[in-house]
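# Per-entry structural report
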Amino acid sequence: MRRAVAAAAVGNVAEWYDFGIYSYLAAVVLERVLFPEAGEWAAVCTLGAFAAAFVMRPFGGFVFGRLGDRFGRTKVLSATVLLMTGATVLLGLVPTYGSVGLVAPLLVLLVRMLQGFSAGGEYTGALTLVAEYAPDRRRGFFGSWLEFSTLTGYALGAGVCGALIALLPHEALLAWGWRVPFLLALPLGITGVYLRMRLEDTPAFRQLMERSPALATMSAKRAVQIVVRHYRAAALVAAGVVVAWNVTNYVLTNYLPTYLTGTLPRFGEGGASGVAATGMQVAVMVVMVCAIAWVGRLSDRIGRRPILMTGSVTLVLLGLPAVWLLREGLLGQIAGLLIIGMCLLCFAAVSPSTLPALFPTMIRYSSLAVIFNLSVSLLAGTAPTIIEAAVTATGNLDWPGYYLVGAGVVGAVTTYFLREHAGRPLAGAAPLASSSELPDPPLSADGVPMEHPR
């Protein structure tokens, strides 16, 4: 279990460090080096390039999810980290607008789409891996460590970007400094690949292959038919949880840095410097990191539904006031970010153990990958771009609050229809009291583990 959590977590840190650093540099640097002639729409263009990754996430989810259900979780997850790391390093090598003109933002667009393709298979595969390794009565606790790693990756990205912004002269930051965070992805990614390649496949997947190895050849069409005929309600519930969770996530981690440093000052409000905004983001994430495992453990005792409902109702009641506080100086900004962060904590701590329980082992990875990424791409990942465009077009600074309230309503309705799965075996798997209950996989003549014996 420890090796599984470590492999999933370190790879996840690398993946979301890579994915998140773009947003922390967006308002301070990237709109100047990539879209210097876009005027007041530079922030929208920069965030639009960020949103381009979400066009590819459903495709990545479909491809990697299907491969994960056929060939196992660990091999596919090694590939997603490798792909994301390569794309992020390429992003750090892209020439600026001043060097190659429009080619620069087009290259960024292509690389962001490659990152999105990788991210489409990463997170749902990682939460499937951890959920299938975790004992039934502790799935909430171990699942929360996945979001621990996600927040760590975001915080690490924010910290690296904040340090560079604080330490480098602005001219050096624009000339070469902005590339450093992207290039630092390489050692993180290599570590993630190494840990995942050394891990055996999950107990649930090995049970499935030993009982029904022919399921590994099931077609994508058949998998879709199973979801449509037997798991429509589960798919809707999963989509609702994902939307509520990820709208809150992307508003906090990807839009509010731009809102504080660029949008508020542009409208004559008291925003924050790049260093201050990044520092507050890191502080909120540190608080969440310290609390998330405790909340996950709590969900194993009282269930997932009470915690999800708490986050949803709090968003409905305090989403707008939290955004109003962001315009009230430093203390108000800290309070507003903390309110949104605590709502996100309720979703982040229990969703990794809630979502895998909705589908059986034979279609778990592929179902979650498609549903998760379609929901994120259509309604959550595009939130920063839509909010910034709406604020720019209307002059109304409350749009982030409207999105948060809407996310809370979706979360409350979805949680009402969610069946409680805390403490129960995963669908399609035998009860699991320990992650080491199964014997080691059989070995071939030359000592190689045969995880899919035929």
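Because the structure is a prediction, the values reported are computed rather than measured. (Residues numbered from 1 in each chain as written. Predicted model: local features only at pLDDT ≥ 70, side-chain atom pairs only at ≥ 80, totals over all residues. Heavy atoms only, no water.)

A few words now on a nonpolar patch on the surface. The grouping of V313, V316, L317, L318, V409, V413, Y416 and F417 at the surface amounts to a nonpolar patch, some 760 Å² of accessible area in total. Where the nonpolar patch is concerned, the elements lending two or more residues are α14 (304–325) and α18 (399–417). Along the chain, L318 falls in helix α14. (Patch = residues over 30% accessible without salt bridge, like charges linked within 9 Å, V, L, I, M, F, W, Y side chains within 5 Å. Areas by Shrake-Rupley, 256 points an atom, 1.4 Å probe, with all protein chains shown as cover. Salt bridge = Lys/Arg side-chain N within 4 Å of Asp/Glu carboxyl O. Helix = DSSP H or I, 4+ residues; strand = E, 2+ residues; numbered from the N terminus.)

Moving on: the layout of surface pockets. Taken as a whole, the largest pocket holds about 300 Å³ of empty space. V224, V227, S367, V370 and I371 are the residues nearest the centre of the largest pocket, which is lined by 17 residues in total. Breaking the lining of the largest pocket down by element, the ones donating at least two residues are α2 (42–71), α11 (220–230), α12 (232–266) and α16 (364–380). For the lining of the largest pocket, the element with the highest residue contribution is α16, accounting for 6 residues. The residue makeup of the lining of the largest pocket, split by class, is 12 nonpolar, 3 polar and 2 charged. (1 Å grid on protein atoms, 1.4 Å probe; cavity = no way out; pocket = protein on both sides within 12 Å on 5 of 7 lines; lining within 4 Å. Points joined across faces, edges and corners; volume = space filled by probe spheres on them. Nonpolar A, V, L, I, M, F, W, Y, C, P; charged D, E, K, R; others polar.)

Time to look at the environment of F359. Here F359 shows up in the loop between α15 (329–354) and α16. Judged by its relative accessible area of 0%, F359 is buried. Distance in space between the C-alpha atoms of F359 and L426 is 8.0 Å, their sequence separation being 67 residues. Not counting residues within four places of it along the chain, the set of residues in contact with F359 comprises Y231, A234, A235, A238, R364, S367, L368, I371 and A427. (Buried < 20%, exposed > 50% of the residue type's maximum accessible area, 1.4 Å probe, protein only. Contact = heavy atoms within 4.5 Å.)

Turning next to helix α13 (residues 274–302). Each full turn of the α-helix corresponds to 3.6 residues, which orients residues three or four apart in the same direction. The terminal C-alpha atoms of α13, which comprises 29 residues, lie 40 Å apart, in line with the 42 Å expected from a rise of 1.5 Å per residue. For α13, the principal kink sits at A291 and spans about 35 degrees. Two to three positions downstream of the cap, the backbone nitrogen of A276 sits 3.2 Å from a side-chain oxygen, assigning the N-cap of α13 to S273. Positive phi shows up at G303, right after α13, with a value of about 105 degrees. (Expected span 1.5 Å × (residues − 1). Bend = angle between axes of the 7 residues up to and from the residue. Polar contact = N/O pair within 3.5 Å; in protein donor to acceptor, adjacent residues only side chain to side chain.)

Below, the discussion takes up the packing of aromatic side chains. Going through the model one piece at a time under the given rule, you end up with 12 aromatic pairs. Taken together, a centroid distance of 5.3 Å and an interplanar angle of 55 degrees make the contact between F64 and F117 tilted. Of this pair, F64 sits in helix α2 while F117 is found in helix α5 (residues 103–133), placing the two residues 53 residues apart along the sequence. Note on F64: relative accessible area 8%, which makes it buried. For the pair Y255 and Y259, a centre-to-centre distance of 5.6 Å together with 45 degrees between the ring planes defines the contact as tilted. You can see Y255 and its partner Y259 sitting in helix α12, 4 residues apart, about one turn around the helix. Of the two residues, Y255 and Y259, both sit in the buried class. (Phe/Tyr/Trp six-rings, centres within 6.5 Å; stacked < 30°, edge-to-face > 60°.)

In total, this model carries 6 salt bridges according to the counting rule given. For R139, the salt bridge identified is with D136, shortest N-O distance 2.6 Å.

A separate point is the environment of G319. In this structure, G319 sits in helix α14. A relative accessible area of 2% means that G319 is categorised as buried. Along the chain, G319 and Y402 lie 83 residues apart, while their C-alpha atoms are 7.4 Å from each other. Once residues within four sequence positions are removed from consideration, G319 is found in contact with T314, G401, L404 and V405.

Before going further, it helps to examine the environment of L326. Tracing the chain through its elements places L326 in the loop between α14 and α15. Separated by 32 residues in the primary sequence, L326 and L358 place their C-alpha atoms 37 Å from one another. With residues near it in sequence (within four places) discarded, L326 still touches L256, Y259, L260, L264, G270, G332, Q333, G336 and L337.

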